[in-house]
Amino acid sequence: MNALPCTIYVSFTGALLALVAGTRSAATARWVALVTALTTLAITLMAAVSFVPALGMQTLVDVPWVASLGVRYHLAADGISLTLLVLTAIAATAGVLFSWNIEERTGEFFALYFALIGGVFGVFLSADAFVLFVFYEIAIVPKYFLIARWGSTNREYGAMKLVLYSFAGSALVLAGLLWAYAAGGGQSFGMGDLAAAAVHFTRAEQLGMFALVFLGFAVLAGMFPFHTWAPTGHVAAPTAASMLLAGVVMKLGAYGCLRVAMPLFPVGFVFWQPTIGWLAVIGIVYAGGVALVQGDFKFVSGYSSVSHMGFVLLGLAAANVQAASGAVLQMFSHGIVAGLLFAVVGRMVYERTHTRQLADLRNLPLHRLLPFAAVTFVLAGLASMGMPGFSGFPAELTILVGTWKTSPLWAAVAALGVLLAAAFTLRAIQLSFFGSTQPAVAGAMPAHPLPPITLAEKAGALLLVGTTVLIGLKPDLLLNWIIPSLQSPLYQVILKGGAP
Amino acid sequence: MTTNYPELFCAFAGEASLVLGMLVVLGYDLTVGRKRSPTERWQASCILGGAALFSALVVGLRVGVVGPVLGGEFMLDALGVGTRAAVLVLAGLTLMLTAGTARLRNPAEFVAIVLLAATGFSLMAVAQQLLVAFLALELASLSLYVLAGFDKTRPESAEAALKYFLFGGMSAAFLLFGFSLLYGLTGSIDTSAIAAALAAQGSSPLLSVALVMVLVAFGFKAAAAPFHLWAPDVYQGAPATSAALIASASKLAGLTFFVRLLWPGLGYATGDVALRHFSPGWLAVVALLSAASLLVGNFGALAQSNLRRLLAYSAIAHAGALLLGVMAAGTAGPAPLYFYAATYGLATVGAFGVVAVLEAAGVGPQIADLAGLYRRSPLLAGCLFIFILSLAGIPPLAGFFGKFAVFAAALNFGGLASVTGWLAFAAIFLSAVALYYYLRVLKQALVAPPAPGADGRIAVPGAAALALLLAALLLVVLGVFPSLLLQIFS
């Protein structure tokens, strides 16, 4: 447990080492990257084994950082953090495996990749709002270069749009936090201290601060109508970056909402709760509908991410422990499943066929050309639809049941989103892999045989599929961490059913 | 008042060593250097000049914080000592960058004038009395006019010098007029005496006139809108390292000078910018300058295609945030302002240093010319990455912390019930705009492939490489451990 902060340092060291190794050869950089990712995975899994949920928030490091401003370098973890740390480590490992074929500027790619990962680990471990913000911003800039340099379709536009949305969001967060800090007397950025100070704020202040901080984080979580960066960014990004973006970076936003905005400004939350709930529901249905008519395979996955993140926000807006625990579980589940979808679409299919247009793909007998990819995608699709046996099922079910207690109407409309998810996923599976059931039409077969699926890809896919099935069969593994954390005193003000 | 010469010498041994160093540089070049090659003359001058700056730095730090000197004419407080040290470091970096990149004639004169300018900055940092302060300011300004026009082979350099001189001369006239009005009103040129006299006699229309005159000069020195018009042309035309000095050390010394004058000296005429009980005073005027600079700088920079002009507009935008720090210094003290200005200076010297190296290699000055820099010189690309991101305020670089401290101080100053709070919000949101133009530069340098025919390696001279690495390292270290610099104020 106490080794968890090392995930941050290992990632940043790995970034530097990969940069140096990249000047020697691409292969060295890859192995450095894999070792770094596996080290973080080992650290988080070891912490997971020894984790005692009942202890609540456990401080790992707490030293003064900037004494004159009352900033402390305070890292702590509870069940929610640990869930997301494990997710980050798994996604990072899979991402390295799926970018094994990057030949150009490999060292720099992995350096930026691990700078991003290090920032993400830092956010999930921060117990001081300033520290959280610093790591949050560290995670923003590498995304630009990853997408603009190694991306595909319309990459410079997608990269700039994504980074400006993220940065504008973080500006809102900074404004809100500084406002709270100043109104609280400018003593401390510790979450506990800020929450204690916030009790004395006027209602107007709470409403304003909550709006700024929540909106800032929700932009990154892909909340409708501020989600438009997500599909274009995902589509433009290289495979590993899409996996990280959908898998963990969008979780940063949701985590910020849950960890910072809601407990700090409970009065503001109560006021804005209906708005957030409706926006989440609209996002689920709207993005699902848009995904249904996409011609580009990757856009289907991009919009499905927005739709699934809508469930996370809905779970938060429902404001009871059950829905919120489902939201955290959904963060984990979507992180794994979205990674898998983007891996199949971006790496396995696009880099072999060089097209993502469903209209082109349906002419290829892909299920015969790439059977492994077909099986993986069907599994990922089932998980994405929320089929029992995969992690999406317990997550979405918990959210819907929890939401029903708050607002049956929200739950009913959101359930429509589950149907839409089934529709657009089945459509994508059908058109992409099983479009051509006839023997290949002359001219439709690719001129060259497609390269076989590599060992690294198989390993990455197995890691992700295994995780989603494991959690699907035994969601209590994570729920036993998450629920005690949500029953802590900090959340009792805002979440119903908080008393253990 | 009796003059205590030993005390005076002790406090100003650093400035003395700068002047001495200047004489040595000139003397060496006149006697031994004449027979040497231009490269050797550059190296010798820069080494001697660097030694003078270094000894001034060491001596200045050894003197340390001693409080008022010479009956309060000078103030060696934390701000003064910190500013002195920072301007010397910035001038030293400038010299190192010049050593490898300048294609100018008259090396000894260039170095000597840099030393003179450093003397001026150093005195500005500690001067408390209007006349001494004005002399220090003029010493620095006149040196900078010469430095701006030092490249006699390019007409742009002469244009820059002329523009800078005309604007600067005008603003100096305003400042002197303002000072003379203050003297007429209060009968003193000593800041504390002025403060006491103003408090006793109350406000008068003449005081407002004097304030406006002083603030015009301040706006010019800080490159704040609407007194910014000189900045893009000067930054574009002057030799790159002169521009670096103008943008960094000169700005820091000027801010220190004015924050001393405004808060303790003209504290009576501060006024209030709180929304409920607004009252006129210099605070309101500075708030206007700040708002105008933030808008003009950030939106002006969006349209730039020349890297130097982009840096100039970014400087104007930063001036807006720095003025916020000047206002907030009333409650938070000068620490945030100083941290911001010093680290901004480091990043700017670094960015202009990269420009200087590139121009010496025949690359530039358009942003598009940076294409493929990551392959042509990984060192320059990496350093530029750090400098630009520090200017953009991305953690963990020092620029982020400077911004953060200033905005926090500005919000603490009066919360959202005061104009400073709203300006801080505006500055935070405009930083998202700023990221766009900063990323445009980095996109060319780090993402775009080299243009055909322009993909040769760029050689970076040793001294310049060292200076760039030093500046980058300082930005990282001060960003991760800001207390290193902030603790001198506590």
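What you see is a predicted model; the values in this text were computed from it and never measured. Throughout, residues of each chain are indexed from 1 in the direction in which the sequence is written. A letter from A marks each chain and a number from 1 marks each ligand, given out in the order of writing. Local features are withheld for residues below a pLDDT of 70 in this predicted model, meaning they are given only at 70 or higher, and side-chain atom pairs are given and counted only at 80 or more; totals for whole chains, interfaces and linings count all residues.

It is worth spelling out the interface of chain B and chain A at this point. Counting residues at the interface gives 27 residues for chain B and 26 residues for chain A. Only runs of H or I of at least four residues qualify as helices and only runs of E of at least two qualify as strands under DSSP, and these elements are numbered from the N terminus. The dominant element in the side of chain B that touches chain A, judged by the number of residues it contributes, is helix α19 (residues 419-447) of chain B, at 11 residues. Considered class by class, the residues forming the side of chain B that touches chain A number 21 nonpolar, five polar and one charged. The contact rule is simple: place each C-beta atom from the backbone, and if two of them lie within 7 Å, those residues are in contact. We call Asp, Glu, Lys and Arg charged. Ala, Val, Leu, Ile, Met, Phe, Trp, Tyr, Cys and Pro are nonpolar, and the rest, Gly among them, are polar.

The subject of this paragraph is unusual backbone geometry. Residue A225 of chain B is joined to P226 of chain B through a cis peptide bond whose omega torsion reads 0 degrees. Relative to the elements of secondary structure, P226 of chain B occurs in the loop between α9 (205-222) and α10 (230-237). Note that the residue after P395 of chain B, namely P396 of chain B, is joined by a cis bond; omega there is 5 degrees. Its location among the elements puts P396 of chain B in the loop between α17 (378-392) and α18 (398-414). Unusually for a residue other than glycine, R105 of chain A sits at a positive phi of about 50 degrees. Within the secondary structure, R105 of chain A sits in the loop between α3 (79-98) and α4 (106-125). Look at A223 of chain B: it is not a glycine, yet its phi comes out positive at around 55 degrees. Along the polypeptide, A223 of chain B turns up in the loop between α9 and α10.

The next point concerns the domain arrangement of chain B. All names here are of chain B. Domain start and stop points were drawn from an automatic or database domain assignment. Assigned domains within chain B: domain 1 (1-163 + 233-264) and domain 2 (270-490). Domain 1 and domain 2 are separated by 22 Å when their C-alpha centres are compared. The partner domain 2 presents 36 residues to the 30 residues of domain 1 that form the contact. For the side of domain 1 that touches domain 2, the elements supplying multiple residues, two or more each, are α4 (78-101), α10, α11 (240-247) and α12 (249-265).

Residues and elements named next belong to chain A. Taking 1.5 Å of rise per residue, 26 residues should cover 38 Å, and helix α11 (residues 239-264) covers 36 Å from first to last C-alpha, within 8% of that figure. Considering bend angle alone, the principal kink of α11 is centred on L245 and spans about 40 degrees. Think of it as a crowd count around each C-beta: if 20 or more other C-beta atoms lie within 10 Å the residue is buried, if 12 or fewer it is exposed, and in between it is partly exposed, with C-beta placed from the backbone throughout. Counted residue by residue, α11 has 26 buried out of 26 residues, so it is predominantly covered. Expected helix span is taken as 1.5 Å per residue step, with the number of steps being one fewer than the number of residues. The bend at a residue is defined as the angle formed between two axes, one fitted to the seven residues ending at that residue and one fitted to the seven starting there.

A few words now on the packing of helix α13 (residues 297-317) of chain A against helix α14 (residues 321-353) of chain A. Residue and element names in this part refer to chain A. Between α13 and α14, the least distance of the axes is 8 Å, while the angle of their chain directions is 175 degrees. Considering their axes alone, α13 and α14 lie roughly antiparallel with respect to each other. The residue inventory of the contact of α13 with α14, partitioned by class, reads 14 nonpolar, eight polar and one charged. Where helices are involved, their axes are fitted lines through C-alpha atoms of the stretch in contact, as for all axes, and angles between N-to-C directions lie from 0 to 180°. An angle below 35 degrees is treated as roughly parallel, one above 145 as roughly antiparallel, one from 65 to 115 as roughly perpendicular, and anything else as oblique.

With that settled, the discussion passes to the pairing of strand β1 (residues 58-66) of chain A. A regular strand places its side chains on the two faces of the sheet in alternate fashion. Residue and element names in this part refer to chain A. By the bridge criterion, seven bridges tie β1 to strand β2 (residues 71-77) in an arrangement that is antiparallel. Paired with V63 across the strands is Y73, a residue of β2. Counted along the chain from β1 to the antiparallel partner β2, the turn is four residues long, and its residue G70 has a positive phi close to 75 degrees. Think of it this way: DSSP has to see at least two bridges between two strands before they count as a pair.

Below, the discussion takes up the environment of A52 of chain B. Residues and elements named next belong to chain B. Assignment of secondary structure puts A52 in helix α3 (residues 38-63). The exposure class assigned to A52 is buried, which follows from the 30 C-beta atoms found within 10 Å. Distance from A52 to G92, taken between C-alpha atoms, is 9.4 Å for residues 40 residues apart in sequence. In contact with A52, other than residues within four places in its own chain, are S17, L18, G21 and L115.

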